[in-house]
Amino acid sequence: MAKINNPEVLYRHFCKTASNIITHFDKDERDNILKDLKEIVTNNCICDQRIIKLNETIKDLVVDIDNSDTDHTMKEFKKQRNKMLAYKPDITNHQKLKQYFNEVEELIKAEDDVIHNQLNDDDIQITENDINIIDPFTKKRMIDPVKNKICGHVYDRESTIYILQIKKDTRCPVIGCINKQFILEENLVSDVITRKYLQKHPT
Ligand SMILES: [Zn+2]
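None of these values were measured; they are calculated from a predicted model.

Novice: How should the overall build of the protein chain be read in this particular structure?
Specialist: A tally of regular secondary structure across the protein chain gives six helices and three strands. Listed by position from the N terminus, the elements making up the protein chain come as α-α-α-α-β-β-α-β-α. Whereas a compact globule of 203 residues would reach a radius of gyration of roughly 17 Å, the protein chain reaches 22 Å, over 25% beyond that. Per-residue burial over the protein chain gives 36% buried out of 203 residues. Of the contacts formed within the protein chain by residues at least 6 apart in sequence, a portion of 64% connects residues at least 24 apart. Working note: accessible area of the protein chain is about 13500 Å², and carbon and sulfur atoms make up 53% of it. A gap of 4 Å separates the mean positions of the 32 positive and 35 negative side-chain charges of the protein chain.

Novice: Before we go on, may I ask you to explain the packing of helix H1 (residues 7–24) against helix H2 (residues 27–64) in this structure?
Specialist: When two helices pack together, their arrangement is given by the angle between the helix axes and the distance between those axes. Put simply, H1 and H2 touch, their axes get as near as 10 Å, and they point 175° apart. By the angle between their directions, the pair H1 and H2 is classed as roughly antiparallel. Here Pro7, Leu10, Tyr11, Phe14, Thr17, Ala18, Ile21 and Ile22 of H1 lie close against H2, whose contacting residues are Arg30, Ile33, Leu34, Leu37, Ile40, Val41, Asn44, Cys45 and Asp48. Of the residues belonging to the contact of H1 with H2, the class tally is 13 nonpolar, two polar and two charged.

Novice: For this particular structure, what's the right way to read the packing of H2 against helix H3 (residues 70–86)?
Specialist: For the pair H2 and H3, the least separation of the axes is 11 Å and the interaxial angle reads 170°. What the angle tells us is that H2 and H3 run roughly antiparallel. Along its contact with H2, which presents Arg50, Lys53, Leu54, Thr57, Leu61 and Asp64, the element H3 presents Glu76, Phe77, Gln80 and Met84.

Novice: Please clarify how the pairing of strand E1 (residues 145–148) should be interpreted in this entry.
Specialist: Note on strand geometry: in a regular strand, side chains alternate between the two faces of the sheet. Judged from the three bridges that link them, E1 and strand E2 (residues 154–156) form a sheet pairing that is antiparallel. In the sheet register, Val146 faces E2, and the bridge partner there is Tyr155. Linking E1 back to E2 in an antiparallel pair, the connection comprises five residues, with Gly152 at a positive phi of about 85°. Bridge count for E1 against strand E3 (residues 188–190) is three bridges, and the pairing is antiparallel. When the sheet's bridge partners are listed, Lys147 is paired in E3 with Val189.

Novice: Explain the coordination of the zinc ion to me, please; I cannot follow it from the model alone.
Specialist: Every protein donor of the zinc ion is accounted for by Cys151 (SG), His153 (ND1), Cys172 (SG) and Cys177 (SG), and the metal-donor separations fall at 2.1 to 2.3 Å. For the zinc ion, all donor residues lie on one chain, and their spacing in sequence is C-x1-H-x18-C-x4-C. Assigned by exposure class, Cys172 and Cys177 land together as buried.

Novice: Can you help me understand the side chain of Gln99 in this one?
Specialist: Residue placement: Gln99 occurs in helix H4 (residues 95–116). Taking the relative accessible area as the measure of exposure, Gln99 reaches 17% and is therefore buried. Once residues within four sequence positions are removed from consideration, Gln99 is found in contact with Glu185 and Glu186.

Novice: Got a minute to help me understand H1 in this structure?
Specialist: Helical geometry: 3.6 residues make up each α-helical turn, so side chains three or four residues apart lie on a common side. The terminal C-alpha atoms of H1, which comprises 18 residues, lie 26 Å apart, in line with the 26 Å expected from a rise of 1.5 Å per residue. Those residues of H1 that sit buried are Val9, Tyr11, Arg12, Phe14, Cys15, Ala18, Ser19, Ile21, Ile22 and Thr23.

Novice: Which parts of the structure should I look at to understand the state of the cysteines?
Specialist: Each disulfide consists of a covalent bond between the sulfur atoms of two cysteine residues. Summed over the entire model, instances satisfying the criterion amount to zero disulfides. Cysteine Cys15 remains unbridged, with the sulfur of Cys45 as its closest cysteine sulfur at 13 Å.

Novice: Before we go on, may I ask you to explain the packing of aromatic side chains in this structure?
Specialist: Each pair of aromatic rings is reported with the distance of its centres and the angle of its planes. Summed over the entire model, instances satisfying the criterion amount to three aromatic pairs. Geometrically, the ring pair formed by Tyr11 and Phe14 is edge-to-face, given 5.9 Å between the ring centres and 75° between the ring planes. Placement of both Tyr11 and Phe14 in helix H1 is noted, with a separation of three residues, approximately one turn of the helix. Judged on exposure class, the residue Tyr11 and its partner Phe14 are both buried. The residue whose ring lies beneath Lys38 is Phe101, and the NZ or CZ to ring-centre distance is 5.4 Å.

Reading guide: rules and limits
- Residues numbered from 1 in each chain as written.
- Predicted model: local features only at pLDDT ≥ 70, side-chain atom pairs only at ≥ 80, totals over all residues.
- Heavy atoms only, no water.
- Helix = DSSP H or I, 4+ residues; strand = E, 2+ residues; numbered from the N terminus.
- Rg over C-alpha atoms; globule rule 2.2 N^0.38 Å.
- Buried < 20%, exposed > 50% of the residue type's maximum accessible area, 1.4 Å probe, protein only.
- Contact = heavy atoms within 4.5 Å.
- Areas by Shrake-Rupley, 256 points an atom, 1.4 Å probe, with all protein chains shown as cover.
- Lys, Arg positive; Asp, Glu negative; His and termini not counted.
- Charge placed at Lys NZ, Arg CZ, Asp CG, Glu CD.
- Axes fitted to C-alpha atoms, helices over the stretch in contact; angles between N-to-C directions.
- Parallel < 35°, antiparallel > 145°, perpendicular 65-115°, else oblique.
- Nonpolar A, V, L, I, M, F, W, Y, C, P; charged D, E, K, R; others polar.
- Pairing = 2+ DSSP bridges.
- Donors = N, O, S within 2.8 Å, 3.2 Å for Na, K, Ca; no water.
- Expected span 1.5 Å × (residues − 1).
- Disulfide = S-S within 2.5 Å.
- Phe/Tyr/Trp six-rings, centres within 6.5 Å; stacked < 30°, edge-to-face > 60°.
- Lys NZ or Arg CZ within 6 Å of the ring centre and 35° of its normal.

Rendered as structure tokens:
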């Protein structure tokens, strides 16, 4: 199990949390909670950037320390400290943050489609013949299904991420799939229909 202090894992948890909110709350409540979550994710992103900058600053300072000249060292330290305090990270192109916003947008779209098509919890008509609930990598029942946007095939999020960590160049494992592109994490979006089916049919 990956550790939570890994930023990659944290963003994945943010996506999962957003996905649960979208599945379980009505539109108004959902939008309010997502607004709060957006603020948390954005602040977390700013903190991440600050920590990166702080580590760089510390590295520079350690190189610059001159034991024979304490005044100079103190001056340099204060200069860097002020620079650090004034630092405002630019997060407009932060990849993980963009990925989070994309994922939330896709999830809301998918959920609204489900509601629009009356495929809600009470009258979901899908049967196991129409839907695949087995992860093609582990051959086990999926827990957190994600859809590959390129070919539409569905895998379990955790096993796919695990496989991609071991082997970056992995193609869609579904037999007969015409998609020859390697799987990219940014192309994986939560699959609302499979998720709803799994919820409605627990083991
Ligand atoms: Zn495929």
